[in-house]
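Letter by letter, the chains look like this.
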Amino acid sequence: MLEVRSVSKHFGGAHVVSDVSLKVGKGGIVGLIGPNGAGKTTLFNLIAGTLKPSQGAIHLEGAEITREGAHRRLARGLGRTFQIPRPFAEMTLIENMLAAAQAQTGERLFANWVMPGRVAGEERANAEKAMAHLEFLGLARLAREPARVLSGGQRKLLELGRVLMADPRIILLDEPGAGVNPALLDAIIERVLEINRRGVTFLIIEHNMDLVARLCGHVFVLAAGRLLSEGMPEDVVRDPMVIDAYLGTGAA
Ligand SMILES: Nc1ncnc2c1ncn2[C@@H]1O[C@H](COP(=O)(O)OP(=O)(O)OP(=O)(O)O)[C@@H](O)[C@H]1O
Ligand SMILES: [Mg+2]
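Residues numbered from 1 in each chain as written. Chains lettered and ligands numbered in written order. Predicted model: local features only at pLDDT ≥ 70, side-chain atom pairs only at ≥ 80, totals over all residues. Heavy atoms only, no water.

Asks: So what's going on with the overall build of the protein chain? Which residues, and what values?
Replies: The helix and strand inventory of the protein chain stands at ten helices and ten strands. On C-alpha atoms alone, the protein chain measures out to a radius of gyration of 19 Å, which is about the 18 Å that the 2.2 N^0.38 rule sets for 252 residues. Across the 252 residues in the protein chain, those meeting the buried criterion constitute 49%. The protein chain carries 29 positive and 27 negative side-chain charges, and their two centres are separated by 5 Å. (Helix = DSSP H or I, 4+ residues; strand = E, 2+ residues; numbered from the N terminus. Rg over C-alpha atoms; globule rule 2.2 N^0.38 Å. Buried < 20%, exposed > 50% of the residue type's maximum accessible area, 1.4 Å probe, protein only. Lys, Arg positive; Asp, Glu negative; His and termini not counted. Charge placed at Lys NZ, Arg CZ, Asp CG, Glu CD.)

Asks: Run through the sheet that holds strand β5 (residues 63-64), naming residues and quoting values.
Replies: Read across the open sheet, the four strands follow the order β2-β1-β4-β5; overall the sheet is antiparallel. Edge positions in the sheet fall to β2 (14-24) and β5, since each of these pairs with one other strand and no more. The sheet contact formed by strand β4 (residues 55-60) and β5 spans two bridges and is antiparallel. By the bridge assignment, L60 is partnered in β5 with A63. The sheet contacts of helix α1 (residues 40-48) involve β1 (2-11), β2 and β4, and relative to β1 the element is tilted by about 120°. (Pairing = 2+ DSSP bridges. Contact = heavy atoms within 4.5 Å. Axes fitted to C-alpha atoms, helices over the stretch in contact; angles between N-to-C directions.)

Asks: Summarise the coordination of the magnesium ion (ligand 2); cite the residues concerned and give the values.
Replies: Within the protein, the atoms that donate to the magnesium ion (ligand 2) are T41 (OG1) and Q83 (OE1), at distances of 2.0 to 2.3 Å. Separated by 42 residues along the polypeptide, T41 in helix α1 and Q83 in the loop between β6 (78-80) and α3 (93-99) bring together distant segments of the chain. The class for Q83 is partly exposed, based on a relative accessible area of 34%. (Donors = N, O, S within 2.8 Å, 3.2 Å for Na, K, Ca; no water.)

Asks: Could you give an account of the pairing of strand β10 (residues 226-231), with specific residues and numbers?
Replies: Pairing of strand β9 (residues 218-223) with β10 involves five bridges; the strand directions are antiparallel. Bridge assignment links F220 to a residue of β10, and that residue is E230. Hairpin connection of β9 to β10: two residues between the antiparallel strands, including A224 at a positive phi of 50°.

Asks: Give me the lowdown on the site of ligand 1, citing residues and values where you can.
Replies: Taken together, 13 residues sit near ligand 1, with G37, K40, T41, T42 and Q83 positioned nearest. A38 has a polar backbone atom sitting 3.1 Å from an oxygen atom of ligand 1. About the coverage of ligand 1: the protein hides 58% of its 640 Å² of free accessible area. It is α1 that provides the largest number of residues to the shell around ligand 1, a total of three residues. (Near = heavy atom within 4 Å. Polar contact = N/O pair within 3.5 Å; in protein donor to acceptor, adjacent residues only side chain to side chain. Areas by Shrake-Rupley, 256 points an atom, 1.4 Å probe, with all protein chains shown as cover.)

Asks: Before we move on, can you summarise the pattern of salt bridges with the specific residues and values?
Replies: Scanning all chains against the criterion turns up twelve salt bridges. One salt bridge in this structure joins R191 and E190, with 3.7 Å as the shortest N-O distance. Taken together, the shared-partner salt bridges connect K26, E61 and R169 into one network. (Salt bridge = Lys/Arg side-chain N within 4 Å of Asp/Glu carboxyl O.)

Asks: A description of the sheet that holds β9 should follow, citing residues and the corresponding values.
Replies: An order of β6-β7-β8-β3-β9-β10 is seen for the six strands of this open sheet, with the pairing classed as mixed. In the strand order of this sheet, the two ends are held by β6 and β10, each with one partner. Across the sheet, the axes of successive neighbouring strands diverge by a mean angle of 20°, strand direction being ignored. Relative to strand β7 (residues 170-174), β6 is paired through three bridges, and the arrangement is parallel. Paired with G79 across the strands is I171, a residue of β7. Where helix α10 (residues 240-248) meets the sheet, it contacts β3 (29-33), β9 and β10, and its direction lies at approximately 130° from that of β10.

Asks: Explain the side chain of K40 residue by residue, including any values.
Replies: Secondary-structure assignment places K40 in helix α1. Of the side chains with opposite charge, E175 lies nearest to the buried K40, which makes no salt bridge, at 5.1 Å. One polar contact links the side chain of K40 to the main-chain carbonyl oxygen of P35, over a distance of 3.0 Å. Not counting chain neighbours up to four residues away, the residues in contact with K40 comprise L32, I33, G34, P35, I205, H207 and L222.

Asks: Can you break down the pairing of β9 residue by residue, with the values?
Replies: With five of six residues buried, β9 lies mostly within the body of the structure. The pairing of β3 with β9 spans four bridges and is classified as parallel. Bridge pairing links G31 to V219 in β9.

Asks: Can you break down the packing of aromatic side chains residue by residue, with the values?
Replies: Under the definition given, this model contains zero aromatic pairs. Across from the ring centre of F82, 4.1 Å away, lies the NZ or CZ of R80, which sits over that ring. When the ring centre of F136 is taken as reference, the NZ or CZ atom of R191 above it lies at 5.8 Å. (Phe/Tyr/Trp six-rings, centres within 6.5 Å; stacked < 30°, edge-to-face > 60°. Lys NZ or Arg CZ within 6 Å of the ring centre and 35° of its normal.)

This is the structure we're talking about:
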């Protein structure tokens, strides 16, 4: 599904990602772990197209996407959530969801003139789709509330909903468990599993190893920009090199 080949990213002299290669198979849920500052979010930005690598290549379903912009990648089915969700605070949940909907004919002024019926139909379809996703995420009763009322965990769920509006085939989740209370954490895990059962592949950055162990069959460990280890979560956490990497930065 996704292949990262010898990708590096440096900002001036700072080598933030160094020669990282990894593969994510179709239908999998794969983890990306590592201490704070390891380069995990930077790697997501490279995969999603927010940043361009200094070296290396990225392939999605066999096509090279290394130089494509984030919008093009999203249109290809590569969605991502952000480490710190920033919904439009004063817009309602449903409005936040609709703002994320892709390729709305209504955004093209000409289309509004020549086919207003079709535009209205698309809007209705998008609204129904947004409502169905909010329902699925347990947020339906808050659909008409402004996003600012949401807790940290509910914001993570809304982020997931916004990504789902684009009908992605692979989703990159950046710390879905951070700042989420235990009850909502279970809800997030269940939703991810259900979306995965519907055929969506996941790559997940997460510090909460309980979440990682429950979701991921395979994890990659990044430390100081380099791939340090990979394997099943239960094996990787026992790897002395991995333990060292976490203790070395005081992040364990
Ligand atoms: N635009 C940038 N310019 C310079 N340095 C950057 C830039 N973006 C990130 N970095 C540096 O790259 C390193 C890795 O950052 P990154 O956010 O990718 O880490 P992370 O693994 O996601 O950490 P965390 O677990 O804390 O989220 C950090 O030292 C950071 O300061
Ligand atoms: Mg990060």
